[in-house]
Amino acid sequence: MLKVGLTGGIGSGKSTIAKVFAVLGIPVYYADDSAKKLMQTNELLKQQLIFHFGEAVYIDGKLNRTHLASIVFNDKAKLELLNSLVHPVTIADADDWFGRQTSPYVIKEAALLFESGAAEGLDYIIAITAPETLRIKRVMERDSVTAEEVKKRMMNQIDESIKNRLSNFVIYNDEQEMILPQVLKIHEELIIRSKQ
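Below you will find a few notes about this structure. The numbering scheme is per chain: residues are counted from 1 as the chain's sequence reads. Where totals are concerned, whole chains, interfaces and linings use all residues; where local detail is concerned, this predicted model gives features only for residues with pLDDT of at least 70, and gives and counts side-chain atom pairs only at 80 or more. Neither water nor hydrogens contribute to the side-chain values; these are computed over all heavy atoms in the structure.

This part is about the layout of surface pockets. In this structure, the largest pocket occupies an estimated 1500 Å³ of space. Lining residues are those with an atom within 4 Å of a point, where the points come from a 1 Å grid over the protein atoms alone and group into cavities, where a 1.4 Å probe fits but cannot get out, or pockets, open sets with protein on both sides within 12 Å along at least five of seven lines. Every residue lining the largest pocket is counted, 48 residues in all, and those nearest its centre are D32, K36, R65, F73 and R153. Comment: elements are numbered from the N terminus, with helices defined as DSSP H or I runs of at least four residues and strands as E runs of at least two. Going through the elements one at a time, α1 (14–23), α2 (31–41), α4 (65–72), α5 (76–98), β5 (105–109), α6 (132–143) and α7 (147–154) are the ones with two or more residues in the lining of the largest pocket. In terms of residues, the lining of the largest pocket owes the most to one element, α5, which gives seven residues. Residue polarity is assigned by list, with Asp, Glu, Lys and Arg as charged and Ala, Val, Leu, Ile, Met, Phe, Trp, Tyr, Cys and Pro as nonpolar; anything else, Gly included, falls into the polar class. Taken together, the residues of the lining of the largest pocket break down into 20 nonpolar, 14 polar and 14 charged. Grid points are joined across faces, edges and corners, and a volume is the space filled by probe spheres set on the points.

Here the focus is the side chain of Q101. Of note, Q101 is situated in the loop between α5 and β5. Polar contacts involving the side chain of Q101 include one to the main-chain carbonyl oxygen of W97, which spans 3.1 Å. For this analysis, residues touch if any pair of their heavy atoms sits within 4.5 Å. Setting aside anything within four residues of it in sequence, one finds Q101 in contact with M1, P27 and V106. Pairs of N or O atoms are called polar contacts if they sit within 3.5 Å, as long as, within protein, a hydrogen donor faces a hydrogen acceptor (for residues adjacent in sequence, only side-chain-to-side-chain pairs).

Further remarks concern the packing of aromatic side chains. Note on aromatic pairs: the rings of Phe, Tyr and Trp (six-membered ring only in Trp) are paired at centre separations within 6.5 Å, and the planes decide the class, stacked below 30 degrees, edge-to-face beyond 60, tilted for the rest. A complete count under the given rule lists four aromatic pairs for this structure. Note on Y29 and W97: the rings are 5.5 Å apart at their centroids and 50° apart in plane angle, and the pair reads as tilted. On the criterion of sequence distance, the pair formed by Y29 in strand β2 (residues 28–30) and W97 in helix α5 is long-range, its members being 68 residues apart. Given a relative accessible area of 13%, W97 falls into the buried group. On the basis of an interplanar angle of 55° and a centroid distance of 5.7 Å, the ring pair of W97 and F98 is categorised as tilted. The exposure class of F98 is buried, given its relative accessible area of 4%. To sort residues, take the accessible area from a 1.4 Å probe on protein chains only and compare it with the maximum for the residue type: under 20% means buried, over 50% means exposed, and anything in between is partly exposed.

Any functional reading would require information beyond the geometric quantities listed.
Here it is in structure tokens:
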């Protein structure tokens, strides 16, 4: 079974394209969603987050994401600390999930695939790319945030052009090229490679 990473900058459309692969019957591990869940359910991780970021990180036992974001997105060192706590737990959870799958290939969808070191154990990587202006517009609409807030988040990710060069496949999600033919071509290629 091949392990395939799916990545791209914020607002590139990773989740949408991951859902297309899921419709094709390919299991998808959503790293960001899993990280949020683990921050809520993994007791050791919760204790570490409280220790480093304070009691206010949880309200009535629930992760206060807005408060945590206000801390880490304004302080690069604190963001790196958060990632150093969350990424290893999420990578271990993904590895456990991989072990339970039986399809020809599986997909791990993650924004910080290269930044977190999670790309290391993967066979292939698919990058999703879109123009920056379109990505900013999508995130502003999706998260009800300002362009400045989106740009601040973008600064914490490696440049899309670098992600594209480091990847085996690139999908253009620019609202000009059709997505489905691009996904189907990669899907067919991965099925062939899984049999080799």
